[in-house]
Amino acid sequence: MLTGAGISKESGLDTFRDEGGIWSRVSLEDVATPDAFRRQPDFVHRFYNDRRRQLLTGDVRPNAAHDALVRLEREWPGEVLVVTQNIDDLHDRAGQQNLIHMHGEILKALCLHCRAVHDWRADMDTATACPSCGEAGGMRPQVVWFGEMPLELERIFAALDTCSHFLAVGTSGAVQPAAGFVQQARFGAGAHCVELNLEPSDASSAFHDHHHGPATEVVPAYVDKLLAA
């Protein structure tokens, strides 16, 4: 199963590519590439500090779609793997156990000097020192930027090659390599592929079934259908 920003939207977090989304207000080239961090680290830090603070407010919490996927993991007779493009922790908070954050996590920090990864909830700036090596100037959010390799791809593709069902929840189908997962699952594993999205995605034609509407409505309803069957 692949999830994107659409599953977190109803929890109060902005999507990226929708009208009024994050990329309509700030250029991804300015905040989501290694070059942007080299050119203007203070600006990049402010962007992610703001997003981290938003995530940690009491108003942002898992919604019914997150809860439904946890129920699916607990009650489905086989393995359920959730691969999320989201850098938030809402799947984790909901209780998802078999989970891959392929684009990293905003509540973790990576040191470019020693490569240590730390849980991180505070603001960061260019003066922040690494708790492991003590060096300043190398701390950055542990998120995968454009031009960087997503995490755990070997494990993800192994799952795609053997799955019986592939669900895509709240994702635009516009960002590679995740946009190609449905093709891998459908034609590589012969999986039944279902799109659960607010509207048809860029990859919509590759799915067998489509359920369009708010994630808090379509995801619990489809999980009920799967478990009843």
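So, how was this worked out
- Residues numbered from 1 in each chain as written.
- Predicted model: local features only at pLDDT ≥ 70, side-chain atom pairs only at ≥ 80, totals over all residues.
- Heavy atoms only, no water.
- UniProt positions renumbered as here; feature names shortened; annotations may be inferred.
- Axes fitted to C-alpha atoms, helices over the stretch in contact; angles between N-to-C directions.
- Helix = DSSP H or I, 4+ residues; strand = E, 2+ residues; numbered from the N terminus.
- Parallel < 35°, antiparallel > 145°, perpendicular 65-115°, else oblique.
- Left-handed = near helix turned anticlockwise from the far one by under 90°.
- Contact = heavy atoms within 4.5 Å.
- Nonpolar A, V, L, I, M, F, W, Y, C, P; charged D, E, K, R; others polar.
- Expected span 1.5 Å × (residues − 1).
- Buried < 20%, exposed > 50% of the residue type's maximum accessible area, 1.4 Å probe, protein only.
- Polar contact = N/O pair within 3.5 Å; in protein donor to acceptor, adjacent residues only side chain to side chain.
- Salt bridge = Lys/Arg side-chain N within 4 Å of Asp/Glu carboxyl O.
- Pairing = 2+ DSSP bridges.
- Core = buried A, V, L, I, M, F, W, Y, C linked by side-chain atoms within 4.5 Å.

- In the nomenclature of an unreviewed UniProt entry, the protein is known as NAD-dependent protein deacylase of Limimonas halophila.
- Here the protein is described in UniProt, under the heading Function (unreviewed entry), as follows: "NAD-dependent lysine deacetylase and desuccinylase that specifically removes acetyl and succinyl groups on target proteins. Modulates the activities of several proteins which are inactive in their acylated form."
- Turning to the protein, the UniProt record has this under Sequence similarities (unreviewed entry): "Belongs to the sirtuin family. Class III subfamily."

What to know about the packing of helix H6 (residues 64-75) against helix H10 (residues 215-228)
No. 1: The contact between H6 and H10 brings their axes to 8 Å, and the two run at 15°. The pairing of H6 with H10 is recorded here as roughly parallel in orientation. Crossing handedness for the pair H6 and H10: left-handed. Facing Ala64, Ala65, Ala68, Leu69, Arg71, Leu72 and Glu75 of H6, the residues of H10 in contact are Ala215, Thr216, Val219, Pro220, Val223, Asp224, Leu226 and Leu227.
No. 2: Residues of the contact of H6 with H10, tallied by class, amount to 11 nonpolar, 1 polar and 3 charged.

Let's talk about H6
No. 1: For H6, which comprises 12 residues, the first-to-last C-alpha distance of 16 Å matches the rise-based estimate of 16 Å (1.5 Å per residue) to within 8%.
No. 2: Within the sequence span of H6, burial applies to Ala65, His66, Ala68, Leu69, Val70, Leu72 and Glu73.
No. 3: As for H6, its buried residues are in contact with strand S1 (2-3), helix H1 (6-9), helix H7 (90-94), strand S7 (165-169) and H10.
No. 4: At the N-terminal boundary of H6, the capping side chain belongs to Asn63, with an oxygen 2.8 Å from the backbone nitrogen of Ala65.

Let's talk about unusual backbone geometry
No. 1: Look at the link from Gln176 to Pro177: it is a cis peptide, with omega at 5°.
No. 2: As for its position among the elements, Pro177 is in the loop between S7 and helix H9 (181-188).
No. 3: Look at Arg115: it is not a glycine, yet its phi comes out positive at around 70°.
No. 4: Non-glycine residue Glu152 carries a positive phi angle of around 55°.
No. 5: For Glu152, the position within the fold is in the loop between strand S6 (139-143) and helix H8 (153-160).

Here's the deal with the pattern of salt bridges
Between side chains of opposite charge, a pair can form when the charged atoms approach closely.
No. 1: The final tally for this structure, using the stated rule, is 10 salt bridges.
No. 2: With a closest N to O distance of 2.7 Å, Arg53 and Asp123 form a salt bridge. Here Arg53, found in helix H5 (residues 41-55), pairs with Asp123, found in the loop between strand S5 (117-119) and S6; they are 70 residues apart in sequence, far enough to count as distant.
No. 3: Residue classification places Asp123 among the partly exposed positions, given a relative accessible area of 38%.
No. 4: With a closest N to O distance of 2.4 Å, Arg71 and Asp224 form a salt bridge. Placement of the pair is Arg71 in helix H6 and Asp224 in helix H10, with a sequence separation of 153 residues.
No. 5: The class of Arg71 is partly exposed, set by a relative accessible area of 32%.
No. 6: Classification of Asp224 as partly exposed rests on a relative accessible area of 40%.

A look at the sheet that holds strand S2 (residues 82-84)
No. 1: Here 6 strands make up an open sheet; going across it, the order is S3-S2-S1-S7-S8-S9 and the pairing parallel. Two strands close off the open sheet at either side, each with one partner strand: strand S3 (99-101) and strand S9 (209-212).
No. 2: Pairing between strand S8 (residues 192-197) and S9: 4 bridges, direction parallel. Residue pairing in the sheet places Val194 in a bridge with Asp209 of S9.

A closer look at the environment of Val80
No. 1: Position of Val80 among the secondary structure elements: in the loop between H6 and S2.
No. 2: For Val80 and Phe166, which are 86 residues apart along the polypeptide, the C-alpha to C-alpha distance reads 10.0 Å.
No. 3: Beyond its immediate chain neighbours, meaning those up to four positions away, Val80 contacts Met1, Leu72, Glu73 and Asn98.

Describing the nonpolar core
As a rule of thumb, nonpolar side chains are buried together in soluble globular proteins.
No. 1: Val83, Met102, Ile156, Phe166 and Phe181 are the most contacted members of the largest nonpolar core, which totals 20 residues.
No. 2: Elements with a minimum of two residues in this core: H8, S7 and H9.
No. 3: If sequence neighbours within four positions are ignored, Phe181 has contacts with Leu2, Val83, Met102, Ile156, Phe157, Leu160 and Phe166.
No. 4: Judged by nonpolar contacts, the second largest core, of 19 residues, contains Leu72, Val82, Leu99 and Val218.

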